[in-house]
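Observations on the three-dimensional arrangement
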Amino acid sequence: MATAKKYDVVVFGASGFTGQYVVEELGRVTSEEERGLTWAVAGRSEEKLNKVLEKAGATIGADLKDVVDVLIADVEKEETLNDMAAQAQVVLNCVGPYRFYGEPVVKACVKNKTHHIDICGEPQFLESMQFKYDEEAKKKGVYVLQCCGFDSVPADLGVLYTVKNFPGRINSVESYLNLSAGPEGAVGHYATWQSAIHGLANAEELKKLRKDMGTKKPLPKSGPKLENRGPAHWSEMMQKWCVPFPGADASVVRRTQRFLYNNGENFPVQFGAYFCVPVFRYLVLLMVAGVVFGVMTKFSWGRWLLSKYPRLFSLGYFSHEGPTQKQIEGASFTMQFIGSGYSNAVLEDGDYDGPPNMTIATQVEGPEAGYVTTPIVMVQAAITLLREMKKLPAKGGVMTPGTAFKDTSLVERLSDRGVIFSVTAPAASN
């Protein structure tokens, strides 16, 4: 992989909880099909980074310490970030919450003409980086590729996959996420919990940002407006109660649809994202906890309590320690997509003022979302960027996964690594 820079990839924040798993996945890939890729790990502590390489090497059965360099970089020391970015083709940024630690890394990468990939699920950070750095990144030919993990590649590319397999024009897509835990249960890490706290607390800032960016203007619709299903609904197709998914998926998909429409590539698809709850009593608990969470984020004392006691206020779903290895190994996810639209025959007749006449079902399924699927997606996004850069749009910029990887082989690469896209019910008349 010819390059004027020393490393193809640098993993920044490698000693963090998620960073450890990204190092392991990159180690697997470079020990198998990508042997020629050069890479390094970066962070504040050389001792911790060496321990990361030692642990990752033991996990995957490879001696990484002899082939992977260690770089010292700190988000509070700009010169160290510039030094790191200057040596890399691509920086995989694993340091979160991105609201607090993300921008200095983006700034250093754009300045040093280095591509940047994150696994962020924080809409305000994502959209503010587009607002601040998109033009400069384009001028320098730099790709700042956002939310390249479980947030939000399955959703964003899943919608495009659904559109691609639909023989006609899709009006709307709804996604339904099912998370499965093994006998040990499931727990998320504290950093994700922190991101949710501050994201909700500063929701008004996001509204102002979207107004300034001009992205609040609604896109045209090819059919009826997608139904607002309220705070909870029963899905006959899923046979479960469902609530709006609180992550970044909806905002990311809409950004992709806006980009594609503005570039004349696609008629915009309406999108709704939902999370499936297995039984009614869990739904009640979830909604009560959601109300308490929402109120507490509005006050400094509430945010302090939420941060201090994540396990208590998340009903056991988040902790400072994060999941155990057994919990990770026992977990999996399925994201199902229901697309509704108009057949080619209806489009040819010009008679599509009525309700959609065709439906399709697709899905993305994979292993545990946060610490198995996310590293797989992040690493394959980097490989795809390096191998297929000519297939990406424009000459750079701040982009969503769907915007960047629409015409690449990323879906196939992910399927080869166990994150599988498939059609579960081909398009058929309603």
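Residues numbered from 1 in each chain as written. Predicted model: local features only at pLDDT ≥ 70, side-chain atom pairs only at ≥ 80, totals over all residues. Heavy atoms only, no water.

Per an unreviewed UniProt entry, the protein chain is named Saccharopine dehydrogenase-like oxidoreductase, and its organism is Branchiostoma belcheri. As its UniProt record puts it under Sequence similarities (unreviewed entry), the protein chain is described as follows: "Belongs to the saccharopine dehydrogenase family." (UniProt positions renumbered as here; feature names shortened; annotations may be inferred.)

The set of residues buried in helix α12 (residues 300-308) consists of Gly302, Leu306 and Ser307. End-on, the buried residues of α12 take up no more than an arc of 130°, which puts them together on one face. Tucked into the core, α12 has its buried residues touching α8 (190-201), α11 (280-296) and α13 (310-313). (Buried < 20%, exposed > 50% of the residue type's maximum accessible area, 1.4 Å probe, protein only. Helix = DSSP H or I, 4+ residues; strand = E, 2+ residues; numbered from the N terminus. Arc of directions from axis to C-beta. Contact = heavy atoms within 4.5 Å.)

The next thing to look at is the UniProt feature "transmembrane region" (unreviewed entry) in the protein chain. UniProt records the feature "transmembrane region" (unreviewed entry) for residues 279-301 in the present numbering. In residues 279-301, the share of helix is 83% and the share of strand is 0%. The end C-alpha atoms are 33 Å apart.

Below, the discussion takes up a nonpolar patch on the surface. On the surface, Val279, Tyr282, Leu285, Leu315 and Tyr317 cluster together into a nonpolar patch covering about 470 Å² of accessible area. Its place among the elements puts Tyr317 in the loop between α13 and β12 (318-319). (Patch = residues over 30% accessible without salt bridge, like charges linked within 9 Å, V, L, I, M, F, W, Y side chains within 5 Å. Areas by Shrake-Rupley, 256 points an atom, 1.4 Å probe, with all protein chains shown as cover. Salt bridge = Lys/Arg side-chain N within 4 Å of Asp/Glu carboxyl O.)

Two strands in a sheet stick together by hydrogen bonds in their backbones, pointing the same way (parallel) or opposite ways (antiparallel). Spatially, seven strands are ordered β3-β2-β1-β4-β5-β6-β15 in an open sheet, and the strand pairing comes out parallel. On the outer flanks of this sheet lie β3 (69-72) and β15 (397-399), each paired with one strand and no other. On average, adjacent strands in this sheet sit at an angle of 20° to one another, irrespective of strand direction. Here helix α1 (residues 17-31) sits on the sheet in contact with β1 (7-12), β2 (39-43) and β4 (88-93), set at roughly 170° to β2. The sheet contacts of helix α3 (residues 78-86) involve β1, β2, β3 and β4, and relative to β4 the element is tilted by about 125°. (Pairing = 2+ DSSP bridges. Axes fitted to C-alpha atoms, helices over the stretch in contact; angles between N-to-C directions.)

In this section: the sheet that holds strand β7 (residues 168-180). One open sheet accounts for seven strands, arranged β9-β10-β11-β7-β13-β14-β16; its pairing is mixed. One side of each edge strand has no neighbouring strand; the edge strands of this open sheet are β9 (233-235) and β16 (420-429). The mean angle between the axes of side-by-side strands here comes to 30°, regardless of whether they run parallel or antiparallel. Relative to β16, strand β14 (residues 358-367) runs antiparallel, the two sharing seven bridges. Considered in β16, the bridge of Ala361 is made with Ala425. Packing of helix α7 (residues 153-164) onto the sheet brings it into contact with β7, β11 (270-277), β13 (332-343), β14 and β16, and relative to β13 it is tilted by some 35°. In this fold α11 packs onto β10 (240-244) and β11, with an angle of close to 15° to the strand it touches most, β10.

This paragraph deals with the packing of α1 against helix α2 (residues 46-60). Put simply, α1 and α2 touch, their axes get as near as 9 Å, and they point 55° apart. Relative to α2, α1 is oriented oblique. For the pair α1 and α2, the sense of crossing is right-handed. When α1 is examined against α2, the residues Gln20, Val23, Glu24, Gly27, Arg28 and Ser31 are found in contact with a partner set consisting of Val52, Leu53, Lys55, Ala56, Thr59 and Ile60. (Parallel < 35°, antiparallel > 145°, perpendicular 65-115°, else oblique. Left-handed = near helix turned anticlockwise from the far one by under 90°.)

In this section: the side chain of Thr30. Relative to the assigned elements, Thr30 resides in helix α1. Residue classification places Thr30 among the buried residues on the basis of a relative accessible area of 11%. A polar contact is formed between the side chain of Thr30 and the backbone oxygen of Leu26, at a distance of 2.8 Å. A polar contact of 3.2 Å, which involves the side chain of Thr30, links it to the backbone oxygen of Gly27. Excluding anything up to four places from it in sequence, Thr30 contacts Arg35, Leu37 and Trp39. (Polar contact = N/O pair within 3.5 Å; in protein donor to acceptor, adjacent residues only side chain to side chain.)

Attention shifts here to the pairing of strand β5 (residues 115-118). Alternating positions in β5 separate into two faces, His115 and Ile117 on one and His116 and Asp118 on the other, with burial throughout. Here four bridges tie β4 to β5, and the two strands are oriented parallel to one another. Bridging from a neighbouring strand, Val90 pairs with His115 of β5. With two bridges joining them, β5 and strand β6 (residues 143-145) adopt parallel strand pairing. Residue pairing across strands places Ile117 opposite Leu145, the latter belonging to β6. Remark: the β5/helix α6 (residues 123-140)/β6 crossover connection has right-handed handedness. (Right-handed = clockwise from strand over helix to strand, strands pointing away.)

Excluding glycine, residues mostly have negative phi values, and the peptide bonds linking residues are mostly trans. Here Gly96 and Pro97 are connected by a cis peptide whose omega angle stands at 0°. Secondary-structure assignment places Pro97 in the loop between β4 and α4 (98-101). In the segment running from Asp151 into Ser152, the intervening peptide bond is cis, with an omega of 0°. Phi at Cys147 takes a positive value of approximately 45°, unusual for a residue other than glycine. Relative to the helices and strands, Cys147 resides in the loop between β6 and α7. Of note in this structure, Gln239 is not a glycine but carries a positive phi near 55°. Note on placement: Gln239 falls in the loop between β9 and β10.

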